[in-house]
Structures are given as structure tokens and as C-alpha cells.
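Listed below, chain by chain, are the residues.
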Amino acid sequence: MKHTQVAALLLMQSMITLAVTKAPTEGLFTNVSGSVDDEGTCQCSVYLPDTTFPVQKAEQLEIIAATLTKKFEIELSQVREYSKKIELYQQQILNLTIKVQHMEKSSISYTELDFQLLKVEINDLERLVTQLKFSLVGSNVVVEQIYLEITNLTILVNELESLDKNNILAIRRQIVDLQKRLKECEEGTNKTTVPPYFPPGSCIHRGLLNVSQPYIAKLNWRGFSYKYGSWGRDYSPSDPENEVYWVAPLNTDGRYLEYYRIYSSFDDLLLFKPMYERRITYGEGSGAALYNNYLYYHAYNSRYIVKHDIRKNTMVLKKELLNAVYGNRFSYAGVSWQDIDFAVDESGLWVIYSTENNMGNIVISKLNDTTLDVLNTWQTRQYKPSVSNAFMLCGILYATRPVNTRKEEIFYMYDTSNGQEGSISVIMDKKLDTIQSIDYNPTDQKLYVYNDGYLLRYDVTFQP
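As the structure is a prediction and not an experimental result, all values here were calculated from the model. (Residues numbered from 1 in each chain as written. Predicted model: local features only at pLDDT ≥ 70, side-chain atom pairs only at ≥ 80, totals over all residues. Heavy atoms only, no water.)

**Q** Would you mind going over the environment of N368 in detail, with residue names and values included?
**A** By the secondary structure assignment, N368 is in the loop between β15 (361-367) and β16 (374-383). For N368, a relative accessible area of 25% gives the class partly exposed. For the pair formed by N368 and G348, sequence separation is 20 residues and the distance between their alpha carbons is 8.2 Å. Look past the residues within four positions of N368 in its chain and what remains in contact with it is D373 and L375. A polar contact is formed between the side chain of N368 and the backbone nitrogen of T371, at a distance of 3.2 Å. (Helix = DSSP H or I, 4+ residues; strand = E, 2+ residues; numbered from the N terminus. Buried < 20%, exposed > 50% of the residue type's maximum accessible area, 1.4 Å probe, protein only. Contact = heavy atoms within 4.5 Å. Polar contact = N/O pair within 3.5 Å; in protein donor to acceptor, adjacent residues only side chain to side chain.)

**Q** For the packing of aromatic side chains, give the residues involved together with the corresponding values.
**A** Centre-to-centre distance and the angle between the planes together describe a pair of aromatic rings. Under the criterion given, the structure shown has 14 aromatic pairs. When the ring of F198 is compared with that of F462, the centres are 6.1 Å apart and the planes differ by 80 degrees; the resulting orientation is edge-to-face. Pair noted here: F198 is in the loop between α5 (168-189) and β3 (208-211) and F462 is in strand β23 (residues 454-462), with a separation of 264 residues, a long-range link. Residue class for F198 comes out buried when judged on its relative accessible area of 9%. By relative accessible area, F462 is classed as buried at 3%. On the basis of an interplanar angle of 85 degrees and a centroid distance of 4.8 Å, the ring pair of W231 and Y448 is categorised as edge-to-face. With W231 in strand β5 (residues 229-233) and Y448 in strand β22 (residues 446-451), this pair connects stretches of sequence that are 217 residues apart. Residue classification places W231 among the buried residues on the basis of a relative accessible area of 0%. (Phe/Tyr/Trp six-rings, centres within 6.5 Å; stacked < 30°, edge-to-face > 60°.)

**Q** Got a sec to walk through the sheet that holds strand β18 (residues 396-404)? Specific residues and values, please.
**A** The 4 strands are arranged β17-β18-β19-β20 in an open sheet whose pairing can be described as antiparallel. In the strand order of this sheet, the two ends are held by β17 (389-393) and β20 (420-429), each with one partner. The average undirected angle you get between the axes of adjacent strands in this sheet is 25 degrees. As paired strands, β18 and strand β19 (residues 407-415) are joined by 8 bridges and run antiparallel to one another. Across the sheet, N404 pairs through a bridge with K407, a residue of β19. (Pairing = 2+ DSSP bridges. Axes fitted to C-alpha atoms, helices over the stretch in contact; angles between N-to-C directions.)

**Q** Which residues make up the side chain of D345, and what are the values?
**A** Summarising the element assignment, D345 is placed in strand β13 (residues 341-345). The buried charged residue D345 lacks any salt bridge, with K366 as its nearest oppositely charged partner at 6.0 Å. At a separation of 2.8 Å, a polar atom in the side chain of D345 contacts the side chain of W350. (Lys, Arg positive; Asp, Glu negative; His and termini not counted. Salt bridge = Lys/Arg side-chain N within 4 Å of Asp/Glu carboxyl O.)

**Q** Requested: an account of the confidence of the model for the chain, with residues and values cited.
**A** A residue-level look at the chain finds 71% of positions with pLDDT of 70 or above and a mean pLDDT of 82. The low-confidence segment residues 1-27, where pLDDT is below 50, has 14 contacts with residues more than four positions distant or belonging to other chains. (pLDDT = per-residue confidence, 0-100.)

**Q** Lay out the nonpolar core with the relevant residues and their values.
**A** Among the nonpolar cores identified, the biggest contains 23 residues, and V211, F391, L393, Y398, I410 and L447 are the most heavily contacted of them. At the level of elements, β3, β17, β18, β20, β21 (435-441), β22 and β23 are the ones that each hand at least two residues to this core. If we skip the residues at most four places from it in the chain, V211 touches I410, V426, I427, M428, L447, Y458, D459 and V460. (Core = buried A, V, L, I, M, F, W, Y, C linked by side-chain atoms within 4.5 Å.)

Below, the structure written as C-alpha cells:
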């Protein structure tokens, strides 16, 4: 404001001087009447006409000067801001130039992402500098030079991308294109319909169709050394939704069944939170099964079968299974001491074993789960030591054999409803070499597999 006042005064002085110098000589002086006071001083009055000094024009000039000063300060602040932006852009361009020079000299093949990131940075700079050019009135040499440098950088990056030394980008684009075409081909050729739903516990299907990939629940609770054993979910026809799981690893000799654990849910099983742990003396082999809150197992070194109450941890019943061979004579291939193998399906409790009369071939007996009496028996022509394991599903026996160390095949079936046997081929993946037991549960329609100490679970699909 001080500068404004000074400018105004200077303007006024100039105008007064101009007025005086340009006024005609005539009329500048006049004679006036005066008087002398008591002290002898001469006194007179002089009147300056209004037209001598243009006061209104001076005020207008002062207003114009103030306005110009304000505009000048605004423009000056904008110039300062643009100067800061220009310094920032110059530094960014310097960094980008260093990056591009490094990419030119390096023998490393850069990915498409590297080029795209550079392009994004350059495009952002180009956009900002373009805005800056339009913001400034007139030509600005610094801005023009920045814009030229950005244009050169864009051309250089495009050339680098096109001259990729190992042709990596082109190969990657081809790979992506091939993967896309392969996916489209697979989707076109492998369109499968969703398998039909069959209610748990029902057998209105035509038997086993396939099994899923294994879900590896965990290692058994006793550790890796306990490779033999069994596990599964209890099937209770009166309360099928009730979750009770058992895990029964044999001792390290692979023969004695001494300890088992009961879990009230699958989550508790995963978290090692058993409802209780029990000890029995003694069972034999990996053929135990849980049915309606009772554990059924083969008594040690005998042909007796046992019904055990898991809630009271007491033996309820023990009965001889007539003609059953024991002592590891006709156990499964690769699995010792499993002469007698219990199984559960939609219709109840079964036992799988061999007899001398049937020359070691598989014998299937349907049991009364209350009395352990044999209700019916079927003799197959499948040699038991040639199969790795077996299970029952809707009255049909399914037997497995190893394909290699990571695959098992369900290859044989025997239908107890009509006495017919036949071949089947369903591949099961496994974690380790040997499968010690397979148990089917009708409630969740899953297979529970004990695989060299690991607890595996498979979903089952059925033929409509």
C-alpha cells in the first residue's frame, strides 16, 4: 500500500507541474487587496480555482494503481508456484532419464510391467506439463524444453520395448494367448453336469461313480510312527446328524489295538480336543468300526469279535466268528493283521474276512449289531491277500489295489443283493504308499482312509 501512495503522490506532483507549465501566463497573477496587522505584517487571501488541480482524476489513478498492484501480486504468486512445479518436473524427468539409460545399458530383460510403469510416469508428466503450458501466458522456454524431453523419453521407451533383447514380452504374450485358448478348449470338452443329489442314508442310485481328491485332515494323534489304524465318523440310524468321530491308531508293531479317542465334532478332531481317550485290552488289526456309539473290533489273536460301549468304556459282547481265519493268514496286501475287517453302510454292520473253505477268498457277512449273530453270508471269488483294502456301500463290497505309491484303484465290486461281482475302475489319490483302512459313512457320504498314519477323507459321487 505504501508503494501505491507514493505512486499516487508522484502522479499528482507531475500533474501539478504539468498544469503549471502548460497554463498560459495570463491569469496566473492578479492584484488583491491586503492589510497590515498591528505588528506590521502584510496579510492577504488567495483563492485557487477548482480547475487548477484535477482531484477526481488523481483519485481514479490511485484506484487503478491499487488494482494493478493486487493483480501483480497474484500473477507473481502464480509464477512462483509454476517455478516450484517446474523444478519438481525437472527432477522427475532426471530420475526417469536415469532409469531409461540403465535399461538401455543393462543386459537384463525387463518385463512388460517395467515398461508400462515407465509409460504411466511419463504420461502423467506429459499431462501436467501440458496443463502448465496452457496456464502460462506467452512462451516459456523452460516449459517447452520439459515437454520436449518428455516426448523424447516416450519415443525411447517404446523403442526399448520393441527391442526386448530376449523377446521375452512376445513369448509371454504368446503363452497367455495359448493358455487362454487351452482354457477355452478344456471348457468346451470337459463340460460336466452337476451330479444328482441323493439323500444321506438312501440307496436309490446305481452305485459308486467316482471319488474326489483327498482332504488331508491331519496326522493321527499318536504321531508318524503309528502307521496302522483306522478312523471315521459314527453312523447312528436313529440320530444320523449327530457328529461323533473316532481315531484308533495301533501300537507301533502294527498289530495291537490298545488306545482310541472319541471327538464330538470334526473341528475338535482337527484341534486335538478329544471328548475322551480310552484304553482296551486288546484288539488286533486296523479293521475297527464305530456304529451307533459302539466300537466293533477283532479280539487279539482269536476269531472272536467284540462289541464295545465307548461311553462306558466296557465290553458289551464277545462272540466267535465261525470259520474265520486269523493270525495274519489272509490279511490284505501290504497290511498285516487285518484278517477281520468291520464295515458300516446304509443297512448296518458288516464283517469282511476269509475262510479256509473259501481258499482265502473274501467272505462277506451281515451282522446283527445287537447280538453279533451272522444274518447272511456271501462268498466271493476275489482272493483277499490280492486286494489292499475293502469297504461296503449300499450292500456292495468295493475292493482296492495299489496302482503306484500315490494312487489306488477301486477295481472290484460284489453286490450282495444279487450275488453278482464285476470290475470297476475308480482312481483314488493318496498321500503315502499304503492304505491301512477304508470306512464309509452314509450320513455325509464320505470315505475315511487311514494312510500310513495320515487321516484322509474323500467325497463320493454316485451313478444316477
